[in-house]
Amino acid sequence: MSSNSFGKLFTVTTFGESHGPAIGCVIDGCPPGLAIDAQEFRHDLDRRATGRSRFTSQRHEADEVEILSGVYEGRTTGTPIALLIRNTDQRSKDYGDIVSTFRPGHADYTYWQKYGIRDPRGGGRSSARETTMRVAAAVIAKKWLAERHGVHVRGYLAQIGEIVPDAFDWDAVEQNPFFWPDAAQVPALETYVNALRKSGDSIGARVNVVADGVPPGWGEPVYGKLDGDLAGALMSINAVKGVEIGDGFAAVTQHGSRHRDEMSMDGFASNHAGGILGGISSGQPVTASIVLKPTSSILIPGRSVNLAGQPAEVVTKGRHDPCVGIRATPIAEAMMALVLIDHALRHRAQCGDVGVVEPRIPRSTCGTSHHG
Ligand code: EPS
């Protein structure tokens, strides 16, 4: 009913609020025998975390994962895996003004209308802090996908405001705090985000995410389509307002003769479909793109109302991201990985005996129109 759980066979339930004592998750359905160590969460959690560069919120959380259950002598046991991260750097007084007003463009108002009560500290459950646990759960998903199927999920920042990459290099992506694929543009991005922060405003962004190595067959007709589940998963990320699979909305101006991905026994000639046909993976890279809205917690005064229904001017103080898209790449990767492991297990459950069906078009590394 309350939708804090995600996935059918690899089920992740998250709990906790931004300023509560801790956040956590329970993963049910993880295959047994996977080696996992608490230190393995470090890399992706740091990639997502606040306070790791001057271009994001300056809240400093260690994001230290405690494994409470489901792992014995370094291996998953098949029982529920409980992960916990204690919150250590809450500064709830920043939210003193928000207690009696609603930030325009924020979930403050809708949580209030739905529940009649809300935890205003740090946005409570609506805070992007919750995505920490998605990334943690996906560390396990990514590892299983890589070991069992050779699937690798990675993403990058594809646009911030009007700025798009001039060049594309996967190696550049992890070398800068923006996950930007063109190293030469990074100084210009730094200048742009610094100016944005000084202005007190925020900006939107686009993040692209790609899974290489996905075999054909994952995804279920008709209500469990891989692209349907992917779209829902990506849209569930805070601030996401748009999702595209493959060419997405660019398909509106394409002819069928261009959009179709022609096939030969050498591979697919293109990947406009984003690796999914009829809701089922084709063996091509699975590609998706998301748009994140500009952060609503900004210093520019905005008109709103207070709890008494009177006009109020809202200015959001405290530590906020001028562009949430800057930290969204690991989160988008996480949601794609969680969808893929769930569908891998669902495919194995129903169709595990089918095996490889001929003819099978070899996996190609053919790129797509806007995924590099
Ligand atoms: C957030 C507001 C800020 C961010 C937070 C997301 O919270 P606070 O005011 O408590 O510092 O720091 O992000 C995280 C804490 C995180 O780990 O992602 C918001 O309004 O969503």
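Quick caveat: nothing in here was measured; it's all calculated off a predicted structure.

**Student:** Hey, could you go over the site of the ligand for me, with residue numbers and the actual values?
**Tutor:** Around the ligand lies a shell of 13 residues, among which H19, R48, S57, R59 and Y95 are the nearest. One nitrogen or oxygen atom from the side chain of Y95 is found 2.4 Å from an oxygen atom belonging to the ligand. Between the ligand and the protein, one listed contact pairs an oxygen atom with a side-chain N or O atom of R129 at 2.9 Å. Protein chains bury 94% of the 460 Å² of accessible surface belonging to the ligand in isolation. Its residues placed into classes, the shell around the ligand shows two nonpolar, six polar and five charged.

**Student:** Talk me through the packing of helix α3 (residues 131–149) against helix α8 (residues 329–351); I want residue IDs and the actual numbers.
**Tutor:** Contact pair α3 / α8: the axes reach a minimum separation of 8 Å and the direction vectors enclose 50 degrees. Classified by the angle their axes make, α3 and α8 are oblique. The two elements α3 and α8 cross, and the hand of that crossing is left-handed. Listed contacts from α8 to T131, R134, V135, A137, A138, A141, K142, W144, L145, R148 and H149 of α3 are P330, I331, E333, A334, M335, A337, L338, L340, I341, A344, L345 and R348. Split into classes, the residues belonging to the contact of α3 with α8 amount to 16 nonpolar, two polar and five charged.

**Student:** Could you give me a rundown of the packing of aromatic side chains, with the residues and numbers involved?
**Tutor:** Per the stated rule, a full pass over the model turns up seven aromatic pairs. Seen in terms of ring centroids, F102 and Y109 are 5.5 Å apart; in terms of plane orientation they differ by 85 degrees. Their pairing is edge-to-face. Here F102 falls in the buried class, since its relative accessible area comes to 6%. When the centroid spacing of 4.8 Å and the interplanar angle of 70 degrees are considered together, the rings of Y156 and F168 count as edge-to-face. Linking Y156 in strand β8 (residues 152–160) with F168 in the loop between β8 and α4 (170–173), this pair joins segments that are twelve residues apart in sequence. Taken together, the ring pairs in this structure connect F102, Y109 and W112 into an aromatic cluster. Across the ring face of W170, the terminal group of R154 is positioned such that the distance to the ring centre comes to 4.1 Å.

Scoring rules and cut-offs
- Sequence order as written defines the numbering, with residues in each chain counted from 1.
- Side-chain atom pairs in this predicted model are given and counted only at pLDDT of 80 or more, local residue features only at pLDDT of at least 70, and totals for whole chains, interfaces and linings cover all residues.
- The side-chain values count all of the structure's non-hydrogen atoms but skip hydrogen atoms and water molecules.
- Nearness is judged by heavy atoms alone; a residue qualifies as near a molecule or strand once a single heavy atom is within 4 Å of it.
- Polar contact criterion, stated in full: a pair of N or O atoms within 3.5 Å, where within protein one must be able to donate a hydrogen and the other to accept it, and residues adjacent in sequence count only if both atoms are side-chain atoms.
- For every accessible area listed, the method is Shrake-Rupley and the probe measures 1.4 Å; residues are considered covered only by the protein chains on display.
- Just so you know the grouping, Ala, Val, Leu, Ile, Met, Phe, Trp, Tyr, Cys and Pro go in nonpolar, Asp, Glu, Lys and Arg go in charged, and all remaining residues, Gly too, go in polar.
- Interaxial angles span 0 to 180 degrees and are taken between N-to-C directions of axes, which are lines fitted to C-alpha atoms, for helices over the stretch in contact.
- Strands here are runs of E lasting at least two residues and helices are runs of H or I lasting at least four, both read from the DSSP assignment and numbered beginning at the N terminus.
- With respect to orientation, any angle under 35 degrees is reported as roughly parallel, any angle over 145 as roughly antiparallel, any angle of 65 to 115 as roughly perpendicular, and every other angle as oblique.
- Helix crossings are classified by the rotation of the near helix relative to the far one: an anticlockwise turn of less than a right angle makes the crossing left-handed, while a clockwise turn makes it right-handed.
- Two residues form a contact once any of their heavy atoms are found within 4.5 Å.
- The aromatic pairing rule takes the rings of Phe, Tyr and Trp, using the six-membered ring of Trp, and pairs them if the centres are within 6.5 Å, calling planes under 30 degrees apart stacked, those over 60 edge-to-face and the rest tilted.
- Working definition: with a 1.4 Å probe on protein chains only, accessible area under 20% of the residue-type maximum means buried, over 50% means exposed, and in between means partly exposed.
- Charge-over-ring contacts are defined here by two conditions on Lys NZ or Arg CZ: a distance within 6 Å of the ring centre and an angle within 35 degrees of the ring normal.

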